[in-house]
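Structural characterization, general
The chain contents come next:
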Amino acid sequence: MPETHAAHWQITLTFLRGIMAAWQVWLDEAGLLDIGMRRVQALRAQTRDWQERPPADPVIAAGIGVGGTIPAAEELLRVIAHDLPQGMVVLHGVDASSAEAKVWEAVPAAATHPFCGQRRLLAALGVEKDAIKRWDGCPPEEAVDQAAPIRRPDLLGMALRPAAGLPAWQSRVPSDWVPAMRGLSLLVAPDAQTEAAAIALTLREALEQEGARAALVTPDRDLARRVSSELARHGITADDSAGEPLGGRRRAASSACWPSWRRASWRRCRCWRC
């Protein structure tokens, strides 16, 4: 830990090192591998095998290592893309709005950009944007129309541009973005609690519409907790993909217990008291 950190960070690190050392001793004595280490060794074993005996059949890698966070997966994908006669690496998508040279080069350094990991992976594989081909039978026009409103991907790409792409914002042509804005709405809340209540009501409304789907996407953990608490008032348990601290869950459930109990049957109340 850097010396600039508070002392308790160093104490925590010392404690965790002891736990990891004891865990590794137990694994060695039991003849076992940690699941993360097993995955790495399996990936590297597969890489060596295909380097020595490249299969002639098609090999398609999809949904593995595309975030560029697993070095062993990166090694395997490099072999599939370059060494196998019929190897193919399938990405979950490419940000077309980042095709400009300056933006394309800036994305790997922008840690908050959603395609940062993918760009780092492509750089490690030695793949340029011109070498990326669209999946056969899926033309760009048809794919965009089926997945999202017209120009919606371009709008999101523009909003998430790194600093190198900000000059494009200076060319403002509102009429060009009208098709992309269809179906979007803006609510300006006076405070955080009102914002959370409005989001909770929007999610609750979606549950009443057959076939409707809704999700809250936010990096603000405080907002997520507020929305979860508001949903509990309506007898709805939010599935938070980021997880919840046990203490926070109890406080949220306790504060929403009685309003939720009044609006729903006792069986629907999932607070820790009940």
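Relevant structure appears above.
Quick summary incoming for the structure in this document. What you are looking at is a predicted structure, and each value in this text was computed from that prediction instead of being measured. (Residues numbered from 1 in each chain as written. Predicted model: local features only at pLDDT ≥ 70, side-chain atom pairs only at ≥ 80, totals over all residues. Heavy atoms only, no water.)

**A closer look at the packing of helix H3 (residues 71-82) against helix H5 (residues 116-125)**
What counts here: Note on geometry: axes are C-alpha line fits, over the in-contact stretch for helices, and angles between N-to-C directions span 0 to 180 degrees. We count a stretch as a helix when DSSP gives it H or I for four or more residues in a row; a strand needs E for two or more, and each element gets its number in order from the N terminus. These descriptions rest on fixed angle ranges, namely under 35 degrees for roughly parallel, over 145 for roughly antiparallel, 65 to 115 for roughly perpendicular, and the rest for oblique. Note on convention: near helix rotated counterclockwise from far helix by under a right angle means a left-handed crossing. Clockwise means right-handed. Contacts: residue pairs with any heavy atoms within 4.5 Å of one another. Only Asp, Glu, Lys and Arg are considered charged, only Ala, Val, Leu, Ile, Met, Phe, Trp, Tyr, Cys and Pro nonpolar, and every remaining residue, Gly among them, polar.
One can describe the packing of H3 onto H5 by two numbers: an axis separation of 10 Å at closest approach and a directional angle of 55°. Considering the angle they form, H3 stands oblique to H5. By crossing handedness, the relation of H3 to H5 is classed as right-handed. Seen from H3, the contacting residues are Glu74, Leu77, Arg78 and His82; seen from H5, they are Leu121, Ala124 and Leu125. Partitioned by chemical class, the residues of the contact of H3 with H5 number four nonpolar, one polar and two charged.

**Observations concerning the pattern of salt bridges**
Keep this limit in mind: Salt bridge, as used here, is a side-chain nitrogen of Lys or Arg placed within 4 Å of a carboxyl oxygen of Asp or Glu. Exposure categories follow from relative accessible area, calculated using a 1.4 Å probe and restricted to protein chains: below 20% of the type maximum is buried, above 50% is exposed, and the middle band is partly exposed.
A full pass over the atoms with the stated rule returns ten salt bridges. For the salt bridge of Asp49 with Arg53, the shortest nitrogen-to-oxygen distance reads 2.2 Å. For Arg53, a relative accessible area of 54% corresponds to the exposed category. The shortest N-O distance in the salt bridge between Arg226 and Asp222 comes to 3.1 Å. Here Asp222 and Arg226 lie together in helix H10 (residues 221-233), a separation of four residues that amounts to about one turn. For Arg226, a relative accessible area of 29% translates into the label partly exposed. Exposure remark for Asp222: the relative accessible area of 38% places this residue in the partly exposed category. Taken together, the salt bridges that share partners define one network made up of Asp49, Glu52 and Arg53.

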